[in-house]
Amino acid sequence: MNKFICWAKLPLLCLVLALPASWAQTLPVEQAVLTSPPLVPPPVTRDHPARVIVKMEAVEQVMEMTDGVEYMYWTFGGSVPGQFIRVRENDVVEFHFSNHPSSRMPHNIDLHAVTGPGGGATSSFTAPGHTSIFQFQVLNPGLYIYHCATAPVGMHIANGMYGLILVEPEEGLPEVDREYYVVQGDFYTQGEFGELGLQPFDMEKAINEDADYVVFNGSVGSMVGDNALAANVGETVRLYVGNGGPNLVSSFHVIGEIFDKVYIEGGTSINENVQTTLVPAGGSAIVEFKMDVPGTFIMVDHSIFRAFNKGALGMIKADGPEQPVIYSGKQADTVYLPEGSAIQEIIVEAESVVANNLEEQVQFGQRVYEVNCAACHQADGQGLRGAFPPLAGSDYLNADHDRAIKVILKGLSGPITVNGQEYNGVMPAMRLSDNDIANVLTYLLNSWSNDGGAVSPEQVAALREGH
Ligand SMILES: [Cu+2]
């Protein structure tokens, strides 16, 4: 009755009074589409706010870290990172957070997109087998990390409890051809990198920030080979990049690409023409680039040992026709001879050692070899196919000792055939004493199934004088 009078007599005032309490209730309701990495939900096409229902579940489960290595991950929705949430500025999010009955731990969620104490952490604290519901309005557009904030917080994050929530600006983001979801994280295991079996979390290494694994999307090789991100030449790719940490900052880079645009730290300002962008722990970046040429483009944390030794490496595969003007591929491989001299000299201030017998010659010669020759001809004289001929079982070496002496004295270039293989490289002249040359050749002749024999310093001296 009162309500009726109000609306009948003072409709405008009533509207204003009713607004704070019920505005959110009047919004159209929709269910959020959530995706697991590397997929991203479709863009928001609405031109008005909505009440978006998000249902997410904490699950603890064993998954593969790398071949033969397993880890007990704690997850949002069964993947690391957790499911991607996509909403629009000013939407009201009704969050239903469930903790699977099989969990050993309580969990919660702190979303960096939330304006409010704890980012939702205390309101969402949930024991195994329970569901918590809380609500928030997303006031600031941007790309935000969410993570578990249950004590010990570092441990929950280290076990994989993080993901991204995108709050699109009211006008939306520009349309692109491909969107992907990539989040870096560091992991701490009792065994070293690659040590087989189910690896428990190592608190001490985590405290020391001594990561065994640094990976994209939860495991080594999550986006390589058949799982590489796909694109076509001519398409624009947008990556939503996050960093769950818990400890390390990422120097995110795509080898062979330049980011046309970076939404710095996932915010509103856009930087252009960027090679490497920093993604802080608990932060993000949106990067965009057009695929101009076909091929495989490697995503890395450019703190580069993490990429090649700890797993922070993924791939984007671009299909399409070659674009030889933008990138030619290798066009030639020719011999490089600097101007002025036909052959370079390597100058070595080697100590000359006089050997008294064959055994000593071999022994001293080995040292000369390791210092002066092994870099090219390899430790066991096996050479490198297509580049450095073998000295092990070399028909070229065994056939003519004087010729071998000259190779070392004067260097060698032009095509030669060793054991049926052609080589056409440049060996620099070596500045070695007569003794050292005699010793190294004697060492070679008596190693790796060569034919034996010896070379004397006098023999070398004669050839040095005589050209
Ligand atoms: Cu947790």
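That block above? That's the structure.
Owing to the predicted nature of the structure, the values given are computational and were not obtained by experimental measurement.

S.K.: When you look at the overall build of the protein in this model, what are you seeing that I'm missing?
M.R.: Across its full length, the protein carries eleven helices and 27 strands. On C-alpha atoms alone, the protein measures out to a radius of gyration of 33 Å, which is more than a quarter above the 23 Å that the 2.2 N^0.38 rule sets for 467 residues. A principal-axis box enclosing the C-alpha atoms of the protein has dimensions of 125 × 50 × 35 Å. The buried share of the protein, taken over its 467 residues, is 46%. If you take every contact in the protein between residues at least 6 apart in sequence, the share linking residues at least 24 apart comes to 69%. For the protein, the exposed area adds up to about 22,900 Å²; of that, 54% sits on carbon and sulfur atoms.

S.K.: Can you walk me through the coordination of the copper ion in this structure?
M.R.: By definition of the ideal shapes, a tetrahedral metal site with four donors has angles of 109.5 degrees and an octahedral site with six donors has angles of 90 or 180 degrees. Protein ligation of the copper ion involves His107 (ND1), Cys148 (SG), His156 (ND1) and Met161 (SD), the donor distances falling in the range 2.0 to 2.5 Å. One can describe the donor arrangement at the copper ion as irregular, given that its four donor atoms subtend angles of 86 to 136° at the metal. Donor residues for the copper ion sit on one chain with the sequence pattern H-x40-C-x7-H-x4-M. Remark: Met161 occurs in the loop between α3 (153-158) and β9 (162-168) and Cys148 occurs in the loop between β8 (142-147) and α3; sequence separation between them is 13 residues. According to the relative accessible area criterion, Met161 is buried, its value standing at 0%.

S.K.: Would you mind showing me how to read the pattern of salt bridges here?
M.R.: Between side chains of opposite charge, a pair can form when the charged atoms approach closely. Scanning all chains against the criterion turns up 16 salt bridges. With a shortest N-O distance of 2.7 Å, Asp301 and Arg306 are connected by a salt bridge. Look at Asp301 and you get buried, because its relative accessible area is 0%. Taking relative accessible area as the criterion, Arg306 reaches 17% and is therefore assigned buried.

S.K.: Please clarify how helix α10 (residues 434-445) should be interpreted in this entry.
M.R.: Between its terminal C-alpha atoms α10 stretches 16 Å, which fits the 16 Å expected from twelve residues at 1.5 Å a residue. Burial runs high along α10: eleven of the twelve residues are buried. All of the buried residues in α10 are Asn435, Asp436, Ile437, Ala438, Asn439, Val440, Leu441, Thr442, Tyr443, Leu444 and Leu445. Tucked inside the fold, the buried residues of α10 contact α6 (358-372), α8 (395-399), α9 (401-410) and α11 (457-466).

S.K.: Sorry if this is basic, but what is going on with the sheet that holds β8 here?
M.R.: Strand pairing in a sheet relies on backbone hydrogen bonds, with the paired strands running either antiparallel or parallel. The strand order across the open sheet formed by four strands is β4-β9-β8-β6, and the pairing between neighbours is mixed. In this open sheet, the two edge strands, each paired with only one partner strand, are β4 (85-88) and β6 (110-111). Here β6 runs beside β8; their pairing, made up of two bridges, is antiparallel. When the sheet's bridge partners are listed, Asp110 is paired in β8 with His147.

S.K.: Help me understand unusual backbone geometry, please; the structure alone is not making it clear to me.
M.R.: With the exception of glycine, most residues fall at negative phi, and the peptide bonds are largely trans. Look at the link from Pro37 to Pro38: it is a cis peptide, with omega at 5°. Within the secondary structure, Pro38 is located in the loop between β1 (29-31) and β2 (51-66). Here the bond from Val80 into Pro81 is cis, since omega is -5°, no more than 30 degrees from zero. Within the element layout of this structure, Pro81 appears in the loop between β3 (69-76) and β4. At Glu209, a residue that is not glycine, the phi angle is positive and equals roughly 55°. For Glu209, the location among the structural elements is in the loop between α4 (203-207) and β12 (213-216). Look at Glu209 and you get partly exposed, because its relative accessible area is 46%. At Asn217, a position not held by glycine, the phi torsion is positive, near 50°. Tracing the backbone shows Asn217 in the loop between β12 and β13 (229-232). By relative accessible area, Asn217 is classed as buried at 8%.

S.K.: It is not clear to me how the sheet that holds β13 should be interpreted in this structure. Could you clarify?
M.R.: The five strands are arranged β13-β21-β20-β15-β18 in an open sheet whose pairing can be described as mixed. Every other strand in the sheet has two partners, leaving β13 and β18 (276-279) as the edge strands with one partner each. Put simply, the sheet's adjacent strands are angled 25° from each other on average, direction ignored.

S.K.: Help me out: how do you make sense of the environment of Asn357 in this one?
M.R.: Of note, Asn357 is situated in the loop between β22 (345-347) and α6. The exposure class of Asn357 is partly exposed, given its relative accessible area of 38%. A polar contact is formed between the side chain of Asn357 and the backbone nitrogen of Glu360, at a distance of 2.8 Å.

S.K.: Quick question: what am I supposed to make of the layout of surface pockets here?
M.R.: Where empty space is left in the structure can be found by rolling a water-sized probe over the atoms. Its boundaries defined by the atoms lining it, the largest pocket holds a volume of some 780 Å³. If you go around the largest pocket, you meet 36 residues; those closest to its centre are His377, Phe388, Pro389, Val426 and Met427. Elements supplying a minimum of two residues to the lining of the largest pocket: α7 (374-377), α8, α9, β24 (416-418), β26 (426-427) and α10. The class makeup of the residues in the lining of the largest pocket is 27 nonpolar, eight polar and one charged. Taken as a whole, the second largest pocket holds about 260 Å³ of empty space. What lines the second largest pocket is a set of 17 residues, and nearest its centre among them are Glu64, Asn217, Gly218, Ser219 and Ser222. At four residues, β2 tops the list of elements feeding residues into the lining of the second largest pocket. Split by residue class, the lining of the second largest pocket holds eight nonpolar, seven polar and two charged.

Rules used throughout
- Residues numbered from 1 in each chain as written.
- Predicted model: local features only at pLDDT ≥ 70, side-chain atom pairs only at ≥ 80, totals over all residues.
- Heavy atoms only, no water.
- Helix = DSSP H or I, 4+ residues; strand = E, 2+ residues; numbered from the N terminus.
- Rg over C-alpha atoms; globule rule 2.2 N^0.38 Å.
- Buried < 20%, exposed > 50% of the residue type's maximum accessible area, 1.4 Å probe, protein only.
- Contact = heavy atoms within 4.5 Å.
- Areas by Shrake-Rupley, 256 points an atom, 1.4 Å probe, with all protein chains shown as cover.
- Donors = N, O, S within 2.8 Å, 3.2 Å for Na, K, Ca; no water.
- Tetrahedral: all angles 85-135°; square planar, octahedral: opposite > 155°, others 65-115°.
- Salt bridge = Lys/Arg side-chain N within 4 Å of Asp/Glu carboxyl O.
- Expected span 1.5 Å × (residues − 1).
- Pairing = 2+ DSSP bridges.
- Axes fitted to C-alpha atoms, helices over the stretch in contact; angles between N-to-C directions.
- Polar contact = N/O pair within 3.5 Å; in protein donor to acceptor, adjacent residues only side chain to side chain.
- 1 Å grid on protein atoms, 1.4 Å probe; cavity = no way out; pocket = protein on both sides within 12 Å on 5 of 7 lines; lining within 4 Å.
- Points joined across faces, edges and corners; volume = space filled by probe spheres on them.
- Nonpolar A, V, L, I, M, F, W, Y, C, P; charged D, E, K, R; others polar.

So, to be careful, I would describe these as geometric facts and stop short of saying anything about function.
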